[in-house]
Structures are given as C-alpha cells and as structure tokens.
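Structural overview
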Amino acid sequence: MTLASQPVSNIWADMPILSAKGISKKFETAEGPLIAVNNVSFDVAPGQFLSVIGPSGCGKSTLFNIIGGLTEAYDGTVTVAGETVRGPHPSIGMIFQEESTFPWRTVLDNVCFPLEISNTPKAQRVEKARHFISLVGLSGFEKRYPAELSGGMRQRVAMARTLASEPKILLMDEPFAALDEQTRLLLGDKVLQIQQQLQQTTLLITHNIAEAVQLSDRILVMSYRPGKVKRVVDIKLPRPRTSEIVTSAEFGMCVAQVWNDLREEATRGMQEAERLR
Amino acid sequence: MNAAAAMMLRSVPAAVGLALFLGLAGVAEILLRFGVLNRFVVPPPSDIAASFGRLFAEEHLLTRFLATSQECLYAMVLLAIIGVAAGTALQQMPLLRRACETWIASLASAPIVLMYPLFLVIFGRSNATIIVMGVIAGLPPVILKTVEGLSGTRKVLLDVGRSFSLTRRQMFLKIMLPAALPTIFVGLRLGLIFSLINIVGVEFLINFGGLGQLINDLAERYDLPGMYATIVFVILVSVLFFLATERLERWVGRA
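Model, not experiment: these values are computed from the prediction. (Residues numbered from 1 in each chain as written. Chains lettered and ligands numbered in written order. Predicted model: local features only at pLDDT ≥ 70, side-chain atom pairs only at ≥ 80, totals over all residues. Heavy atoms only, no water.)

The next point concerns helix α7 (residues 249–276) of chain A. Taking 1.5 Å of rise per residue, the 28 residues of α7 of chain A would be expected to cover 40 Å, and the 39 Å separating its terminal C-alpha atoms lies within 8% of that figure. Taken together, the buried positions of α7 of chain A are occupied by F251, C254, Q257, V258, D261, L262, E265 and G269 of chain A. (Helix = DSSP H or I, 4+ residues; strand = E, 2+ residues; numbered from the N terminus. Expected span 1.5 Å × (residues − 1). Buried < 20%, exposed > 50% of the residue type's maximum accessible area, 1.4 Å probe, protein only.)

Pasting the structure below:
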C-alpha cells in the first residue's frame, strides 16, 4: 500500500514546528455571515511538505492569510515551534499567487530585500542573495529587471526572495497557478530539489491535484463551504522525487484517491456557484 | 542588422517630425506670401527664423532663456518637495483626503494667474512672486498624482512587506514610494507645464524677469517675428524640463 488515509493525529504530531488548532473564520456578506473556514486543525513536522487542496471557495486563501498573519480576526490558534502567532512571524516566509516581485528592483536587489530589512552587511547580503538566486536556477540574470523575465522566472525570483529570509516554514499560495502545465512541472522539480537541499518545512495551498501529489508528504483535502478538513492523505512516494514520478502507477493511484475525495466537493462548489448566478 | 542601420532606423521618427514641422512652416510661408493670411497678424516663418540673431545680440535672449529656466528649476524643486509631501499627508490621512481632494482638483482649473496683485503685495515685483505663482499653479496635479500613485500600490506588494514585518516607515519608503514613482512623475511633468505657463504669464503681466517680459516688450513694439521667436524659446524651456524629468525619474528609480 503506497498511501493511507488517516485522522489528523499521527506520528508527526509529537513535535510539530507549525500547528493550527481549531481555525475558523467568518465573513459578513450581504447575504449574511459566510463561514469560510470551519474548525481546521493540522500539524506540520520539521522538514515535512504539506499541501492543502480544495475546490475554489473552500477557504484555502483565507487559511493562507491566517497562517501568514495577514488576517488578524479569526478563531483558533496558530503556533510556530510552540509559540502562538498573531501577525506576520519571521519564521514564516510567504510566496504569493500573484506576481509579487518589485518591478523597480533588479533580480539581485529583489532577493536582497529581506536581508536589507534585517540589516545584513552589504557584502554578506549580496553573497547570500547570489546563493539563493543560483538555487532557483537564475544565475546570470542578477542584473535583469522583472519586466525582462518570463512569468515562471519572476515567480522563482519571488521564491528566492522569500528563501533569502531563511524562514523556518515556507508558506505558498498557488505559486504556479498562473503558469502553463509544463513550466509548472519543471518548477515543481525545482521546489523538490530546493526542499531536499534545505530540508525546508513547506505548506502549499493549491487546487492542482498532480502538483500536490508530486510535491507533498501529506495532503489535506478541504471540503467546499464551509472549509473543513475532509480527509488527510499521506503520500508515500519515494524521495528524492522528480517530475518523472508523474508517469508512475503509484502517482496515478494517489491522484485518483485525492480526486475521489475532491470530486464530490468540487461538484458541490460548482452547483452552488451556478445556483447563485 | 548592423549598428549604423539600427541608428538610422531609430532616427526616422525624429526626422519625420522635423519634416512635418518644416512642411507646416512652409505652408504658412506660402499662404502669407500669397496674401491668404495677413502678415500683420502672423509673421512669415522666414522672418521669425531671421530674427533670432537680432534677439540674441540686442535683446539678450540667452540671458532671458536662462532666467526663465532658473525660475522653472526652483519651481520644480519646490513642486516636488511640497507636492509629494502634501500628497503623502493626504494619502496617509483618509479624512483629510476626503475633505480636500475635490477642491484641490478644482484648484487646477482656477485662473490663479489673475491673483498676481496679491502676490505682488506680499513678495514685491521679484522672482519670488513669479516662482511662488508658478508653484501654486503646478501643485494640484503633483498632489493628486502622488495620492493616486501611493493608493494604487498593488495589494500583493504590501502583503510582501507585511510578511517581512516592515515598519510603517519602511513600508512607505521601500514599497509604496518606489511603486508610486512613475505616477508621481506623471504629476510632476503635468505640474511643470502649468508652472511654466504661469511663470511666463506672470513675467508678462508684471513686466519682470525672463522670456515673458521680453514677449511683452516685443509685443508692445509690434515686433511680431521677435515675439514668435521668443515663444519658440518658451517651448524650448518646456522640452528641456521634460527631458530633465525623464532623466531624474530614471536616476531616482535606480537609487
């Protein structure tokens, strides 16, 4: 058996680096209160890659904003290494779905940004930035401006910039959503390689099943409104992985399993959206 | 394509522009020579071109040009400092913004130049009057575009700043201001146009200073070719400052 579904508590739970407990968020809308996220709990162990997957409208981005500290009014607690977090935390590095590089800075200066904020000496700053630029495979583009790069390259600049702040936990919100499928697979390779090299604890928010399976140790499947954890799927595909794994039978089984859980939710989401039209 | 050919290709638009200008001047010349237009109202372009030598020698055109340019430079510095500061204050204080934005916008269309007697009383018949009136006329677009640029900072860039725990000051200096810079410079260029119009207008009205005073003199002497030639130099000031702001924008953007 290459994968198993089980409740939230398991072997990782003894020493989580990131822990979310009973997270709920309600929005007031014109049609009355809307529960975006309902009582979501999970733990992420050091070095683990966890994905949160769900249909549009399951509160994924809300969860991203809560864990990243950008949303302040919510119920429940988020703890990083046992410390309760309110507001942005230096241990959490965020990568956004939207294009987020600074267009007025070169690639090098973009990646230097968090080091500038932390007052790292200039020489050290440049050295570190160059290291992370080469890690995302953009060596030679240091002096270019974002406008001169492709969408995939810009997203890698944003990734290097966040990695340069050396966060304990990397938090990504559909970072490849705007990219084409092939670029997405190849960038997935890059993420796998980086994760392996840095042993980076990562939480990925996505709606792409293949991407989640390709990258994750564990996937949380969310239900459509209100967003709850429907099932936890452990992906036992061997590491180190590359995008070649998408051709294996085990990969197909994992995708099928996640899709089984997701199909019902996505259908419900679609019907709901059509009903409101 | 080799470098020489590329340079040739790049100079095509400028050449076409110049040809168009010369063509129009030629048409005006012909219409005037055949008496279709009255040459006591519009001087022939050839007369205008011929008057430059006389203006430089007898009317100190270069000194006048430099005087107006200098007033414009002071006005630009003040515009940038006061306009960006005021725009920032407005953007940071929503109440103040809602209270003032409309009347600042309406100020842009007010004929401020007609208030020159007031400024004459305050500052006397001096450069100060000219510069202050130029600044006041140019302020609205700088202020409004600063507000627009700062408010228009993309939310995701602010989120990046928040995720790195930037202070309010860092957020402003490192993200909002650089993001707003292109918009602010649009405002500054627009403001400078208003400033120049008012600077030359006040020079004309109070008969003091650079090109505006010379235009006044020449108009009173009914030296129409000289007057139009001087107006060409007013346009030259405008071009000069347009290029200067472009340079400045590139330089500030990198720093």
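Following the structure, the description resumes.
Before going further, it helps to examine the side chain of R125 of chain A. All names here are of chain A. Tracing the sequence through the fold places R125 in helix α3 (residues 122–135). One buried charged residue, R125, forms no salt bridge at all, with the nearest opposite charge on E116 at 4.2 Å. In this structure the side chain of R125 is engaged in a polar contact, spanning 3.1 Å, whose partner is the backbone oxygen of T120. Ignoring anything within four residues of it in the chain, the contact list for R125 reads C112, L115, E116 and T120. (Lys, Arg positive; Asp, Glu negative; His and termini not counted. Salt bridge = Lys/Arg side-chain N within 4 Å of Asp/Glu carboxyl O. Polar contact = N/O pair within 3.5 Å; in protein donor to acceptor, adjacent residues only side chain to side chain. Contact = heavy atoms within 4.5 Å.)

This part covers the pairing of strand β11 (residues 229–235) of chain A. The pairing of strand β10 (residues 218–222) of chain A with β11 of chain A spans five bridges and is classified as antiparallel. By the bridge assignment for β11 of chain A, V221 of chain A is matched with R231 of chain A. (Pairing = 2+ DSSP bridges.)

So, about the packing of aromatic side chains. Under the counting rule described, the total for this entry stands at seven aromatic pairs over all chains. Centroid distance F102 of chain A to F113 of chain A: 4.7 Å. Interplanar angle 65°. Geometry classified as edge-to-face. Separated by 11 residues along the polypeptide, F102 of chain A in the loop between β7 (92–95) and α2 (107–117) and F113 of chain A in helix α2 bring together distant segments of the chain. Judged by relative accessible area, which is 0%, F102 of chain A ranks as buried. F113 of chain A sits in the buried class, given a relative accessible area of 0%. Plain terms: the ring middles of F113 of chain A and F164 of chain B are 6.0 Å apart, the flat faces sit at 55° to each other, and that makes the pair tilted. Separated into two different chains, F113 of chain A in helix α2 and F164 of chain B in the loop between α8 (155–163) and α9 (168–206) make up a pair that spans both. Residue F113 of chain A shares its accessibility class with F164 of chain B, and that shared class is buried. Through a chain of ring-to-ring contacts, three or more aromatic side chains come together here, namely F102, W104 and F113 of chain A together with F164 of chain B. The ring of Y74 of chain A has R86 of chain A sitting right over it, with the charged end atom 4.6 Å from the ring centre. Directly above the ring of F102 of chain A sits R161 of chain A, whose terminal nitrogen or CZ lies 4.7 Å from the centroid. (Phe/Tyr/Trp six-rings, centres within 6.5 Å; stacked < 30°, edge-to-face > 60°. Lys NZ or Arg CZ within 6 Å of the ring centre and 35° of its normal.)

All names here are of chain B. At a minimum axis distance of 10 Å, the contact between α9 and helix α11 (residues 224–254) shows a crossing angle of 155°. With respect to their mutual orientation, α9 and α11 come out roughly antiparallel. Crossing geometry of α9 relative to α11 is assigned as right-handed. For the pair formed by α9 and α11, the contact residues are L181, P182, F185, L188, R189, L192, L196 and V200 on the first element and V234, V237, S238, F241, F242, T245, E246, L248, E249, V252 and G253 on the second. Looking at the contact of α9 with α11, its residues break down into 13 nonpolar, three polar and three charged. (Axes fitted to C-alpha atoms, helices over the stretch in contact; angles between N-to-C directions. Parallel < 35°, antiparallel > 145°, perpendicular 65-115°, else oblique. Left-handed = near helix turned anticlockwise from the far one by under 90°. Nonpolar A, V, L, I, M, F, W, Y, C, P; charged D, E, K, R; others polar.)

All names here are of chain A. This structure, assessed with the given rule, holds 24 salt bridges over all chains. With a shortest N-O distance of 3.6 Å, R184 and E181 are connected by a salt bridge. Residue R184 and its partner E181 are located together in helix α5 (residues 181–198), separated by three residues, close to a single helical turn. When its relative accessible area of 42% is taken as the criterion, E181 is described as partly exposed.

Turning next to the interface of chain A and chain B. If you look at the interface, chain A gives 22 residues, while chain B gives 17 residues. Buried area between chain A and chain B, both sides added, is near 1,700 Å², and the carbon and sulfur share of it is 63%. Looking only at chain A, the three residues that lose the most surface to chain B are L70, W104 and I117 of chain A, adding up to 34% of its buried area. Joining chain A to chain B, the criterion identifies two salt bridges. The salt bridge partner of E116 of chain A is K174 of chain B, with a shortest N-O separation of 2.7 Å. Our count for the chain A to chain B interface comes out at three residue pairs in polar contact (both at pLDDT 80 or more). Of all the secondary structure elements, the ones that give two or more residues to the side of chain A that touches chain B are β7, α2 and α4 (151–164) of chain A. The element that contributes the greatest number of residues to the side of chain A that touches chain B is α2 of chain A, accounting for four residues. Of the residues that constitute the side of chain A that touches chain B, the class distribution is 11 nonpolar, five polar and six charged. (Buried area = accessible area lost by both parts, 1.4 Å probe.)

Any functional reading would require information that these geometric values do not contain.
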